[in-house]
Amino acid sequence: MNEHHLSVSLLVRQAARNLHRLELMAGNTACSSNWFYCWHFWRTRRMMAVTPDEAAAWLPALAFAVSREKDPYILAELAWWPLPEPLPPEALPWRDRLIRSWEQYRPATARGKTIHLAAWEKTIRLAALVRLDRRVERLPEWLREARRALDLAPKNRHPRLAALAGWRPRPGDVPPHGDKAEAAQAWVRFWEEAYRTPDSALDGLIAAAALLHLAEAGWLPSGPSPERLREEFHQRVQQWPVSDLERSVLRMLLSSVPADASAPERRQQDIREWLKLTHRNVQWEKREVVWGMLAAWQREGVLESSGRERLPEPPLLVPDLARTLEWEWKVEVLRAMAGYIPGAAEVSAHPKAARAVVARWEALSRNGYWGFRLAAWVARWNFLRAGVLTAEEQGRFGADYVEAIGLEDDRAVLLALVQITPPGTFPLATWAGRLSDQDDRHRLAAHLAIHGWLVEVMEGASGEWRVVQNPLLAIPYSPLTTRQYGQFPELPLRLASTRRQMRQVLRRAGQEGAGNRPVVPFVNLPPEVWPDFRRLREIETALAAGHLPPSPDAAAENLAAPRAVLARLPEAYPRTGPPGITDRTTGRTAGSEPPASHPFPEVIRHE
């Protein structure tokens, strides 16, 4: 067994996979040249159910993305990434690296860039830093930024103040004393003054949110109580006619407000009041952000990993979800609703409503509008991971999934399907068939799906990085080097060795365990979809040490080779059940019998 593989935790391994996938996307012009495609990747990823450890495993990839990304809309998605508390010890250096990436971020200067866009880019950076770095030592800096924001025009001032109002003391942080006390007191006074004498209704709403964070941390001993601030905050949101330009402000404010943890009864009452803002006669901008907030609160109670303290029982909102899905038509609201993940208690208490919700999402996943299909597939995946689908619903999920990946013509929906791994046999033949699509983003989606499956099956079957152990593989594969045999005359032999080893590992996967199981044949796929296990090991080693790996020399060339034509499509490596939301499925079953002829007859005698 590879000692390196044994010493690396599951968290590090998953973080390495995520970062490696992002490197593949960054090196492909189909993604790097289209900001909307990348934006959909991050928006969809943020909607999907993740455990705290899974969210932490994305921190290195986030740091990599922030260091490269220049588009403000994509950066906004990165800034709102859910950050679990407390973080696993292994992830603390990754968070620090993400903070440094945001610190070092400087908006690109471009001719014709408006003042509003430049101000928005700085606001995104501050919003991310305020959420990530909650140390009291940063308060003087945040206070300076808040005072400068008062001189900005309202359309720039309000987002800037909303970003800064999201600062919350860390759990257990008490009002500081000594040198730090002056800055903390000045921060409290700034928001108290804005609360008492707001320049506008929106300024008062922002100040109420900032004071709510301070009151719940015990920093306002003589100020308004948290209960009063929560009530006022809700009333101001209800009365405020939000415009499309102010939608981002409302999203920032509500995303920073945690659920009321004072008492279960009070929390339920608070949620019922917010549900009134999801009714048909309420602006869709409010419906969207309120459902997003409720979904985040629900995940606080449902998505806990083993060993963590269980939070209070989540609210029972499945009936409200079912009623709303009957009439909701706004795709932005449906995306927010897709992030709501009911727990077993909700499904048991309201089985009829739960089945109605599942049926509605199933119907929307077959709708003619791509936005509905995208939201519905994310919702169906979240329900599957939560373990609340019946056996019949799971069967329909698998059948619909295979049909969808073969017929889906929308790039964003196909990219979402890549991030879904249902139980059963991996549909390798269907995904491989899409490698020959004319659309480059369709091919990229198929590449990512097959690449992720190969990494999983080879790691799960062998328990180690077998491919990188061979000394013949000192030079990692890339399509660029396959065209440079003059520099590496021994490369054809190494590629043949790679084929042979991959086939051996897949064969072992089918032969492990008691009894004679069918052998999984070698996957005869274009070389550009083969995983670069050497690079994965480099990433793992760096992440285990607490830092990001150096960028690969050929990062921009990883997907540049022409697509090869598939010679044979073997059976796929089967899964045994849905990956659970609190654990990872490790059971595996056997695949099909190997083909009669060897896919690489030139190397068969060496095996």
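Before reading further, recall that the structure is shown in the block above.
This one's a predicted model, so the numbers in the text were calculated from it and none came from an experiment.

This part covers the packing of aromatic side chains. The tally for this structure, following the rule as stated, stands at 20 aromatic pairs. Aromatic pair Trp377 and Tyr401: ring centres 6.3 Å apart, planes at 80 degrees, arrangement edge-to-face. Of this pair, Trp377 sits in helix 22 (residues 370-386) while Tyr401 sits in helix 23 (residues 391-407); the two residues are 24 residues apart in sequence, bridging distant segments of the chain. Judged on exposure class, the residue Trp377 and its partner Tyr401 are both buried. Feature note: the residues Trp167, Trp187, Phe190, Trp191 and Trp219 constitute an aromatic cluster, connected by ring pairs.

This part is about the side chain of His20. Structurally, the position occupied by His20 is in helix 2 (residues 10-26). Classification of His20 by relative accessible area gives buried; the value is 3%. For His20, the residues in contact, after removing those within four places along its chain, are His451, Asp532, Arg535, Leu536 and Ile539.

Relative to each other, helix 8 (residues 92-104) and helix 9 (residues 115-132) sit at 155 degrees, their axes nearing to 10 Å. On the basis of the axis angle, helix 8 is roughly antiparallel to helix 9. Along this stretch, helix 8 crosses helix 9, giving a crossing that reads as left-handed. Taken together, the residues of helix 9 that come into contact with helix 8 (itself represented by Arg95, Leu98, Ile99, Trp102 and Glu103) are Ile124, Arg125, Ala128, Leu129 and Leu132. In terms of residue class, the contact of helix 8 with helix 9 is built from 7 nonpolar, no polar and 3 charged.

Examined against the element boundaries, Pro140 turns out to sit in helix 10 (residues 139-149). Residue class for Pro140 comes out partly exposed when judged on its relative accessible area of 32%. Here the alpha-carbon distance between Pro140 and Glu182, two residues 42 residues apart in the chain, equals 9.2 Å.

Here helix 9 contains 18 residues, and its C-alpha end-to-end distance of 26 Å stays within 8% of the 26 Å for a straight helix at 1.5 Å per residue. All buried positions along helix 9 are accounted for by Ala119, Trp120, Glu121, Thr123, Ile124, Arg125, Leu126, Ala127, Ala128, Leu129, Val130 and Leu132. Check the buried side of helix 9 and you find it contacts helix 7 (72-79), helix 8, helix 10, helix 11 (154-165) and helix 15 (247-256).

Reading the values: rules and limits
- Within every chain, residues take consecutive numbers counted from 1 along the sequence as written.
- The predicted origin of the model limits local features to residues at a pLDDT of at least 70 and limits the giving and counting of side-chain atom pairs to 80 or more, whereas totals for whole chains, interfaces and linings rest on all residues.
- To get the side-chain values, take all heavy atoms of the structure and skip hydrogens and water.
- Stacked, tilted and edge-to-face pairs are distinguished by plane angle, under 30 degrees for stacked and over 60 for edge-to-face with tilted covering the rest, among Phe, Tyr and Trp rings (Trp via its six-membered ring) whose centres lie within 6.5 Å.
- Secondary structure is summarised from DSSP: a helix means a run of H or I of at least four residues, a strand means a run of E of at least two, and numbering begins at the N terminus for each.
- Only protein chains enter the accessibility calculation, which uses a 1.4 Å probe. A residue is then buried if its area is under 20% of the maximum for its type, exposed if over 50%, and partly exposed in between.
- Residue contacts are defined here by distance: any two heavy atoms, one from each residue, within 4.5 Å place the two residues in contact.
- Lines fitted to C-alpha atoms define the axes here, with helix axes fitted over just the stretch in contact, and angles between the N-to-C directions of these axes take values from 0 to 180 degrees.
- Under this scheme an angle from 65 to 115 degrees is roughly perpendicular, one under 35 degrees roughly parallel, and one over 145 degrees roughly antiparallel; angles in between are oblique.
- Whether a crossing is left-handed or right-handed is set by the direction in which the near helix is turned from the far one by less than a right angle, anticlockwise for left-handed and clockwise for right-handed.
- Amino acids outside the nonpolar list (Ala, Val, Leu, Ile, Met, Phe, Trp, Tyr, Cys, Pro) and the charged list (Asp, Glu, Lys, Arg) are all regarded as polar, and Gly is one of them.
- Take the residue count of a helix, subtract one, and multiply by 1.5 Å to get its expected span.

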